[in-house]
Amino acid sequence: MAEEETKVKNEALQIISSFEKLPRLVVFDLDYTLWPFYCECYYEDDMPYLFPQARGILYALKEKGIDMAIASRSPAAKIAKTFLNKLGIHSMFVAQEIFSSWTHKTDHFQRIHRKTGVPYSSMLFFDDEDRNIGAVSKMGVTSILVDNGVNLAALRKGLSEFSQNSGSSSSS
């Protein structure tokens, strides 16, 4: 792990530790959320890369024992899966729902729920599209819109909103 990734991971661990109520599952979109491109614009032999703070955040969640999943409406599922392998992060996710869908991401979440048994109210979701945030929020999932990929500010916001949605009576 590079020095910058370790720094981000340590900062993410501090952020996570500052919250009492934590999600049981954190779900990520891929395109423009974990990486800054649409994978259908690339080929399988291209070398993918993540947003600068994404890897450190993934490692921090893993270290804290918080499960992670992927919900991606990609028409290029094979490329997306290849990229997760190339980045060495594919095994970090308990569920990978990567398929093209006309129904926002509700299908993805129903499948993730069936696979993991985690209630929607115990999930935190990061995506770059408003319509997905809206649709998934209606399912009871705490959903955070990211502008510039998953970063420490998005993580803090997500955990804070999750904590509030969990009806936590403790002050944070």
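Parameters and conventions
- Residues numbered from 1 in each chain as written.
- Predicted model: local features only at pLDDT ≥ 70, side-chain atom pairs only at ≥ 80, totals over all residues.
- Heavy atoms only, no water.
- Helix = DSSP H or I, 4+ residues; strand = E, 2+ residues; numbered from the N terminus.
- Buried < 20%, exposed > 50% of the residue type's maximum accessible area, 1.4 Å probe, protein only.
- Polar contact = N/O pair within 3.5 Å; in protein donor to acceptor, adjacent residues only side chain to side chain.
- Salt bridge = Lys/Arg side-chain N within 4 Å of Asp/Glu carboxyl O.
- Contact = heavy atoms within 4.5 Å.
- Pairing = 2+ DSSP bridges.
- Axes fitted to C-alpha atoms, helices over the stretch in contact; angles between N-to-C directions.

- An unreviewed UniProt entry annotates the protein chain as Magnesium-dependent phosphatase 1 of Stylosanthes scabra.

**Notes on the side chain of His-108**
Moving on, step 1. Within the fold, His-108 resides in helix H4 (residues 106-116).
Moving on, step 2. His-108 gets classed as buried once you look at its relative accessible area, which sits at 0%.
Moving on, step 3. From its side chain, His-108 meets the backbone oxygen of Phe-99 in a polar contact 3.2 Å long.

**Side note on the pattern of salt bridges**
Pairs can form between side chains of opposite charge whenever their charged atoms are close.
Moving on, step 1. Evaluation of the coordinates by the stated rule reveals nine salt bridges.
Moving on, step 2. One salt bridge connects Glu-129 with Arg-131, and the closest N-O pair in it is separated by 2.6 Å.
Moving on, step 3. A residue is classified by how much of its surface remains accessible, and Arg-131, at 42% relative accessible area, is partly exposed.
Moving on, step 4. Glu-161 is the salt-bridge partner of Lys-157, the closest N and O atoms lying 3.7 Å from each other. Of this pair, Lys-157 and Glu-161 are both found in helix H6 (residues 152-165), four residues apart, which corresponds to roughly one turn of the helix.
Moving on, step 5. Among the residues examined, Lys-157 registers a relative accessible area of 43% and is labelled partly exposed.
Moving on, step 6. Where salt bridges share partners, they join Asp-29, Lys-105 and Asp-127 into one cluster.

**Some words on the environment of Gln-53**
Moving on, step 1. The topology assignment puts Gln-53 in the loop between strand E1 (25-28) and helix H2 (54-63).
Moving on, step 2. Those residues in contact with Gln-53 that lie beyond four places of it in its chain are Val-8, Val-150, Asn-151 and Leu-152.

**Examining the sheet that holds strand E5 (residues 142-145)**
Moving on, step 1. Strand order in the open sheet formed by five strands is E3-E2-E1-E4-E5, and the pairing between neighbours is parallel. Here the strands that pair on one side only, and so sit at the sheet edges, are strand E3 (93-98) and E5. Taken pair by pair, the neighbouring strands of this sheet meet at an average axis angle of 15°, ignoring direction.
Moving on, step 2. Of the strand pairs in this sheet, E1 and strand E2 (residues 67-72) are connected by four bridges, and their pairing is parallel. Directly across from Val-26, in E2, lies its bridge partner Met-68.

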